[in-house]
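Residue-level structure breakdown
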Amino acid sequence: MKALQWILRQRPKGAMAPGDLELVEAPLRAPHTGEVRVRTIYLSVDPTNRIWMSDAEQYLPPVEIGDVMRGITLGVVEESNDPVLKEGDLVTGLGGWASHFLAPAGLLARIPAEYDLPLTAYLSVLGGTGVTAYFGLLDIGRPKAGETVVVSAAAGAVGSLVCQIAKLKGCRVIGITGSDEKCRWLTETLGIDAAINHRTEDLDARLGALCPDGIDVDFENVGGPVLEAVLGHLALKARIVLCGLISGYNAEAPEPGPVRLPMILMRRARMEGFIILDYAARFPEARKEMAAWIVDGHLHWRVDVMDGLENAPAALDRLFTGANQGKQLVRVSAEP
Ligand SMILES: NC(=O)c1ccc[n+]([C@@H]2O[C@H](COP(=O)([O-])OP(=O)(O)OC[C@H]3O[C@@H](n4cnc5c(N)ncnc54)[C@H](OP(=O)(O)O)[C@@H]3O)[C@@H](O)[C@H]2O)c1
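The notes below deal with the structure included here. (Residues numbered from 1 in each chain as written. Predicted model: local features only at pLDDT ≥ 70, side-chain atom pairs only at ≥ 80, totals over all residues. Heavy atoms only, no water.)

Some points on the layout of surface pockets
Quantified by volume, the second largest pocket comes out at close to 290 Å³. Along its surface, the second largest pocket is lined by 17 residues, and Asp 67, Val 68, Met 69, Arg 70 and Gly 96 are the ones closest to its centre. A per-element tally of the lining of the second largest pocket places strand S6 (residues 100–104) first, with three residues. Partitioned by chemical class, the residues of the lining of the second largest pocket number nine nonpolar, five polar and three charged. (1 Å grid on protein atoms, 1.4 Å probe; cavity = no way out; pocket = protein on both sides within 12 Å on 5 of 7 lines; lining within 4 Å. Points joined across faces, edges and corners; volume = space filled by probe spheres on them. Helix = DSSP H or I, 4+ residues; strand = E, 2+ residues; numbered from the N terminus. Nonpolar A, V, L, I, M, F, W, Y, C, P; charged D, E, K, R; others polar.)

What follows is the structure in structure tokens.
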């Protein structure tokens, strides 16, 4: 049995380039006791993949040079040497950028049977993306009805869910995104109050006009110039949820802190980072409520599927150009 695997050959300098990763074919032995062999169906493509390729200080060990690239996957068990998981079971886990992989059964999670949703939901709205939006906004941002919530990368996987949860909680929601089409989707389909195109509009001026009483909650996915603009419009006691800083993930050297940092002091604001892994014990709670919102028609979610494991680096690149329309996935093989 052989597997296709993307191997990290060197740490990217700036944006990923050819030669940073190499697609190889490698033999896969039979599963040892307690292990299973899984065929990957979908690979989740996440901004954090770029962080894992670097050796910057981070929340997991960096991927080692020569190792299979780390990635979250959904797949089907093809061979089992474990009493709990059986052939045909659908599982999620850290399968990596590979067509097939071996893993201890205990490190994989079976797809919950209680929701009647497409498989792609389990790597998006009911996967890590959904719980990030849910706990980041509700636990860290703690929005109250009537408050103004600003969301960056608002049309993206996490951002689009944050926008909708904030609306469900009775907030006024302003989204920041990178195209007029995405702005229209946010206002017309998701029903948020206003959207700003960060590529073509004066973000600072538009935030000032749209948030005359200030921003109560900023769900920050981008950082850099976007965070800089937001800091100029904070309400008293504002909460900045530091979910991600994608504008800096390809930077060759750390970016200097925001010039408007004093506004955190002047507005008595709080900025708090979080890593969703810390909420693992509470994932079922979030999934239950999110699934109910989907059934009631309150939560839209969209996935952007690229075919073929060979396209994984190109799919990751789409997150940095803004080409992705919703949660970026790679379809590695057909659904059973
Ligand atoms: N803390 C956690 O545990 C956790 C977990 C999951 C994700 N995250 C973070 O959440 C954020 C969103 O992740 P996602 O998976 O939902 O990705 P996503 O939003 O679906 O895709 C990334 C989006 O970021 C925007 N973007 C990229 N570079 C930009 C730049 N320089 N300036 C402005 N916008 C830029 C693009 O949208 P536009 O077209 O709108 O520019 C792009 O579509 C990331 O920062 C990620 O690291 C954090």
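The discussion continues.
Considerations on the state of the cysteines
Simply put, disulfide is the name for a covalent bond between the sulfur atoms of two cysteines. In total, this model carries zero disulfides according to the counting rule given. Unpaired in terms of disulfides, Cys 171 finds its nearest cysteine sulfur in Cys 163, a separation of 11 Å. Overall, Cys 171 belongs to the buried group, its relative accessible area being 3%. (Disulfide = S-S within 2.5 Å. Buried < 20%, exposed > 50% of the residue type's maximum accessible area, 1.4 Å probe, protein only.)

A closer look at empty space enclosed by the protein
Applying the stated criterion across every chain, the model contains one cavity of 30 Å³ or more. Of the pockets and cavities examined, the largest cavity occupies roughly 60 Å³. As for the largest cavity, its lining consists of Ser 124, Val 125, Thr 129, Gly 156, Ala 157, Ser 160, Leu 161, Trp 301, Arg 302, Gly 326 and Lys 327. Among the elements that take part in the lining of the largest cavity, helix H3 (residues 157–168) stands out by supplying three residues, more than any other. Taken together, the residues that form the lining of the largest cavity break down as four nonpolar, five polar and two charged. Both of domain 1 (2–124 + 301–331) and domain 2 (128–277) provide at least three residues apiece to the lining of the largest cavity. (Domains from an automatic or database assignment.)

Things to note about the sheet that holds strand S8 (residues 148–152)
Ordered by their spatial adjacency, six strands build an open sheet running S10-S9-S8-S11-S12-S13, and the pairing between neighbours is parallel. The open sheet terminates on both sides in strands that have one partner only, identified here as strand S10 (194–197) and strand S13 (270–273). Across the sheet, the mean angle from the axis of one strand to that of its neighbour is 15°, orientation sign disregarded. Docked against the sheet, helix H5 (residues 203–210) engages S8, strand S9 (172–177), S10 and strand S11 (215–220), running at close to 170° with respect to S10. Packing against the sheet, helix H6 (residues 224–231) makes contact with S8, S9, S11, strand S12 (234–242) and S13, and its axis sits at approximately 170° to S11. (Pairing = 2+ DSSP bridges. Axes fitted to C-alpha atoms, helices over the stretch in contact; angles between N-to-C directions. Contact = heavy atoms within 4.5 Å.)

Structural notes on H5
Along H5, the residues that are buried comprise Leu 203, Leu 207 and Leu 210. Considered in projection along H5, the buried side chains sweep an arc of 75° and stay on one side of the axis. The N-terminus of H5 is capped by Asp 202, whose side-chain oxygen sits 3.2 Å from the backbone nitrogen of Asp 204. (Arc of directions from axis to C-beta. Polar contact = N/O pair within 3.5 Å; in protein donor to acceptor, adjacent residues only side chain to side chain.)

Describing the environment of Glu 285
Following the sequence through the fold, Glu 285 ends up in helix H8 (residues 283–295). Given the relative accessible area of 38%, Glu 285 is considered partly exposed. Along the primary structure Glu 285 and Leu 85 are separated by 200 residues, whereas in three dimensions their C-alpha atoms are 24 Å apart. When near neighbours in sequence (up to four residues on either side) are disregarded, Glu 285 contacts Tyr 134 and Phe 135.

Focus on the packing of helix H2 (residues 128–141) against H3
Their axes nearest at 8 Å, the elements H2 and H3 cross at an angle of 45°. Considering the angle they form, H2 stands oblique to H3. Handedness of the crossing formed by H2 with H3: right-handed. Residues Thr 129, Gly 130, Thr 132, Ala 133, Tyr 134, Leu 137 and Leu 138 of H2 form the contact with H3, whose participating residues are Ala 157, Val 158, Leu 161, Val 162, Ile 165 and Ala 166. (Parallel < 35°, antiparallel > 145°, perpendicular 65-115°, else oblique. Left-handed = near helix turned anticlockwise from the far one by under 90°.)

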